[in-house]
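Examining the three-dimensional arrangement
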Amino acid sequence: MKTIVGKVVVLGHQGVGKTSTVIRYVENSFSQHITPTVGASFFSCKLLIDDITVKLQIWDTAGQERFKAMAPMFYRNANAALIVFDITLRQSFESMQGWVFELKQNVDNPMVLCVVGNKSDLAKNRQVNRDEAIQYAKSIGATYHECSAMHDQGVGLVFDDVARGLIRLLGNSSDHNLKVYDSENIDNIMANSSELEATDTGKEETVNLSINSIAHGNTVKKCC
Amino acid sequence: MSSNLEVEPGAASESVLVTTDSFDNFDHMSSSLEEIKNLNALAENDSNVENSNVENFDEISENLSINNEEDDFVQSKEWACKNKHVFVLSMAGKPIYSRYGNEDKLAWLFGVMQTLVSFVQSNEDTIRSIHAGDTKFVFLIKKPLILVAVSRTQESVNQLCSQLNYVFNQIASVLTLTRLNKIYEQRQNYDLRRLLAGVERLIDHLLDFSEKEPSFTLGAVQCLSLASSVRDNISSAIVGACSKIKNLVFAILLANNKLITLVRMKKYCLHPADLHLIFNLVQASESLKTAESWTPLCLPRFDASGFLYGHVSYLAEDCQACLLLLTVERDVFFALSEAKQRIVEKLRRSNCLEAINESLSAKEETCIVAGFPELRHYLYKCKSTAQFYQPSLTPPYTKYNERLTKLYKRAHNLLHCSTRPLKLLFEKNSDEAILAWDTRGFELYVVFEPLIDTNSAINSVGRLLNWIKKREEKLFHLNAPTF
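Given the structure is predicted, the values throughout are model-derived calculations rather than measurements. (Residues numbered from 1 in each chain as written. Chains lettered and ligands numbered in written order. Predicted model: local features only at pLDDT ≥ 70, side-chain atom pairs only at ≥ 80, totals over all residues. Heavy atoms only, no water.)

1. Thoughts on the overall build of chain B
In terms of regular secondary structure, chain B is built from 16 helices and 16 strands. For chain B, with 483 residues in total, the buried portion stands at 57%. Across chain B, contacts joining residues at least 24 apart in sequence account for 68% of those joining residues at least 6 apart. For chain B, the exposed area adds up to about 20,700 Å²; of that, 50% sits on carbon and sulfur atoms. (Helix = DSSP H or I, 4+ residues; strand = E, 2+ residues; numbered from the N terminus. Buried < 20%, exposed > 50% of the residue type's maximum accessible area, 1.4 Å probe, protein only. Contact = heavy atoms within 4.5 Å. Areas by Shrake-Rupley, 256 points an atom, 1.4 Å probe, with all protein chains shown as cover.)

Structure representation (C-alpha cells):
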C-alpha cells in the first residue's frame, strides 16, 4: 500500500475563514469566537483514497498583512495550495490574485491549486458571482469549491479534492516533490526540518507592503 | 522594623529575569540576536536577498465608509466619560490607535495632540504631561510614534508613562523597531494601521491587563506554586529534550498568567517587560489552543531589531499550560515540534502534568488560611529575581478588586516617585490600613484590617516574611536553568 505525504499551504485574506475551514475538517468543530491566527498553525490529517493513504501536512497561515513576509516559508516546497476567499467580501476575492501571482513567480514545482469560496451560508450577501469565481479558478488551473465551515457544507470535498489532486500529480509529472512511501508505517516519518529555508533573522524582515506585487525575489530550490 | 532574615525571601544567586528598574526604553537591550547567531557560528551565511521594496503604498480607503453610529459614539458622553483613553499617532499626526472609538472619527483630536507635541518641540523642549483638575494628559514621544494617555485614574505620570511604553513595546514586538523606523524613513505619511490589523486587539488586551495585574506595576512576574522538585523535573525535561537544538534561546512554560519555568541559553536573560508581552500574547490569542503555531516575535527589551521565532503550543488537552520555544532560526519548526512531544511524554511519565493541574486548580492560600487573620492581602516582590507573590483574594476585595489595585498603585507611587520617594509607608483610614516597605532586597505591600495598631502590624510583617522565606522554594523559581 502506498502512502503519499503532501505539504498543503492555506492562503488568503484575513478573516475569510482559513482556520475555521481547516479546523472544521481536521477536528469537525467550529467556533464563532476564534481569534486571528498568530503566525501559522500546523495541522496534519490522513485520508484514504482508493487504497492510497494521503497524509496532509497543513500549514494554516495568518492572513494579516504583517505576517506576509513569512508566507514563502510555508509555500516553498508545498505540493498544494488552498486559496480561500469570502464570497461576501469582494476585496478578499481580488486579493487572491496577489497570492496566485506570488505562487506562480516563486514556486517552480507543479502544485495542486484549489480556490475555495467560504461562507456559502451567507449566500444572500454574496459579492462574488459563482461563475466568475469558477472562471477565475479555471484560468489559473485551479479547481473551485464553495463551502461553509460554519454549517459544515462542502469542506470535506475540498480536502478530498486536494488529496486526489496530489495522487494525480504523482502520476502525471516527474518533477513533483511529493514524498512517497510504500509501507503503511509512516508515523515515524516527520517532515524534514530543512523544508523551511534558513534566513538571517538578526536583520529585520523586509516585507512586501502591497498585495499586488511579489514579496520575495528568492528562487525556490528544489527539495530532495 | 528589623527582621532576622539574612537573605530576603525569594532571592537566588542567579536570576532568570533581568532585574533593572528601568522599563523606559531600549537604551539597554540585554542582548543581540546577531551575537547569538555569530556565537554559534552559523557557517552558511545565507545571504538572502532582502529586496527592499519601495512599492506603491496604495492607500486603503475602502474601510473609510462613513458610519453614523461611530460618529455618534466619539461625540457621546459615554466616550468622553471613559476613565482612561490611550491614543497612538505618527509623528506626522496620522491616527494609529485609539482605545475607544474609531480613530478615523478622531482625526481632529490627533491633530491637536500632534500640534501640542510639535509646538513644544519647536522650543527645543519636550511635552511630558498636562494637568487639568483630576485629569492627566501624558505624552510619550518615541520616534517615530507619539503615544498619549488621557486619564482620570489616580495613577501617576510615571505609571501612565510606563503603560504607554508597554503599548509602544507591543507595537515594536509585532513589527520590530528597525522595521518601524524604516517604514517612516521611507514615507512619513504611512498609515501604520494596515500593518497593525489585528494588533489593536493585543493592545486593548494589554491595557486592560496592565490595569488589573500587579505584575505590571511591580515589574515582576508571579510563579505557579510548585514543589521545587517538580519544577526542577520540568526544567530538566525541557533541557533534556532541547539541549541538542542549536540556537534555542528561551523555553518558557506558563499557565494562567503564572510562570512555571524558564530555561535560557547561557548568558541571556529575559526582561520581565518582555515576558509580560508574551503573557499578553498567549492570553489574548485563543487560537493558539487549537494547534501548534509558529510565529515571529520580537522581544523589544531583548533585541528590538529582529525577530525570534516561536514554537507555541499547549502541553496537552488535559493540561492547559502553554509552552513557548524561542529560537533565532526560522527553519526548525519540526525539530521543536518533536522536542515538545518528548517534553510532554517525560512530564506525563513523571506525573508533572498532574502536579501542574493540581496547583492550577488549588489556587494560592488566602491570608487567613496561612494564619494571618489580621491581613487582607499583600504583594511581596523579590527585587533580585524580579518575581513576586500574592495570596488569593479575600472579601471585600473579591468584589472590589479595583479598589485594591488602586491602593497598591498609590503606595507603589509613593515609594517610587522621583521627587521624594518613601522607604516606609503606614496609612490607616476607615476602610483599611496599608503598609508599604521598600528595602534593598524586596518590596512589600500589605493591606491590613483598619483597626490594626502599629506594633501588631510590624509584628505580622516580620512573621509574614518568615512565612514566605520558609516557602520560597515553592513560591519562586529559584534555579536559573540553562540549555
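That was the structure; now back to the text.
2. Comments concerning the sheet that holds strand S1 (residues 84–90) of chain B
Strand pairing in a sheet relies on backbone hydrogen bonds, with the paired strands running either antiparallel or parallel. Residue and element names in this part refer to chain B. Strand order across the open sheet formed by 5 strands is S2-S1-S5-S4-S3, with antiparallel pairing between neighbours. Taken across any chain shown, the strands that pair with only one partner, and hence form the sheet edges, are strand S2 (95–98) and strand S3 (129–132). Going across the sheet, the axis of each strand differs from the next one's by a mean of 15°, ignoring polarity. Pairing of S3 with strand S4 (residues 135–142) involves 4 bridges; the strand directions are antiparallel. Looking at the pairing, Ile-130 lines up with Phe-137 of S4. Against the sheet, helix H4 (residues 107–121) makes contact with S1, S2, S3, S4 and strand S5 (145–151), and its axis sits at roughly 70° relative to S1, the strand it touches most. (Pairing = 2+ DSSP bridges. Axes fitted to C-alpha atoms, helices over the stretch in contact; angles between N-to-C directions.)

3. Considerations on the packing of helix H5 (residues 157–175) of chain B against helix H6 (residues 177–186) of chain B
All names here are of chain B. Their axes nearest at 7 Å, the elements H5 and H6 cross at an angle of 90°. Accordingly, the angle class assigned to the pair H5 and H6 is roughly perpendicular. Here Phe-168, Ile-171, Ala-172 and Leu-175 of H5 come into contact with H6, specifically with Leu-177, Arg-179 and Leu-180. Classifying every residue of the contact of H5 with H6 gives 6 nonpolar, no polar and 1 charged. (Parallel < 35°, antiparallel > 145°, perpendicular 65-115°, else oblique. Nonpolar A, V, L, I, M, F, W, Y, C, P; charged D, E, K, R; others polar.)

4. Considering the UniProt feature "domain: FUZ/MON1/HPS1 second Longin" (unreviewed entry) in chain B
Using the residue numbers shown here, the UniProt feature "domain: FUZ/MON1/HPS1 second Longin" (unreviewed entry) corresponds to residues 246–345 of chain B. Overall, residues 246–345 of chain B shows 30% helix and 39% strand. The separation of its end C-alpha atoms is 22 Å. (UniProt positions renumbered as here; feature names shortened; annotations may be inferred.)

5. So, the domain arrangement of chain B
Residue and element names in this part refer to chain B. Taken domain by domain, chain B holds domain 1 (35–212), domain 2 (226–361) and domain 3 (375–475). Opposite the 9 residues of domain 1 that make contact, domain 3 presents 6 residues. Carbon and sulfur atoms supply 36% of the area buried between domain 1 and domain 3, which totals about 530 Å² over both sides. Connecting domain 1 to domain 3 are 1 salt bridge. Linking Lys-409 and Glu-155 is a salt bridge whose minimum nitrogen-to-oxygen distance equals 2.9 Å. Put simply, domain 1 and domain 3 have 4 residue pairs in polar contact (both at pLDDT 80 or more) between them. Mapped by element, the contributors of at least two residues to the side of domain 1 that touches domain 3 are H5 and helix H7 (199–212). Residue composition of the side of domain 1 that touches domain 3, by class: no nonpolar, 6 polar and 3 charged. (Domains from an automatic or database assignment. Buried area = accessible area lost by both parts, 1.4 Å probe. Salt bridge = Lys/Arg side-chain N within 4 Å of Asp/Glu carboxyl O. Polar contact = N/O pair within 3.5 Å; in protein donor to acceptor, adjacent residues only side chain to side chain.)

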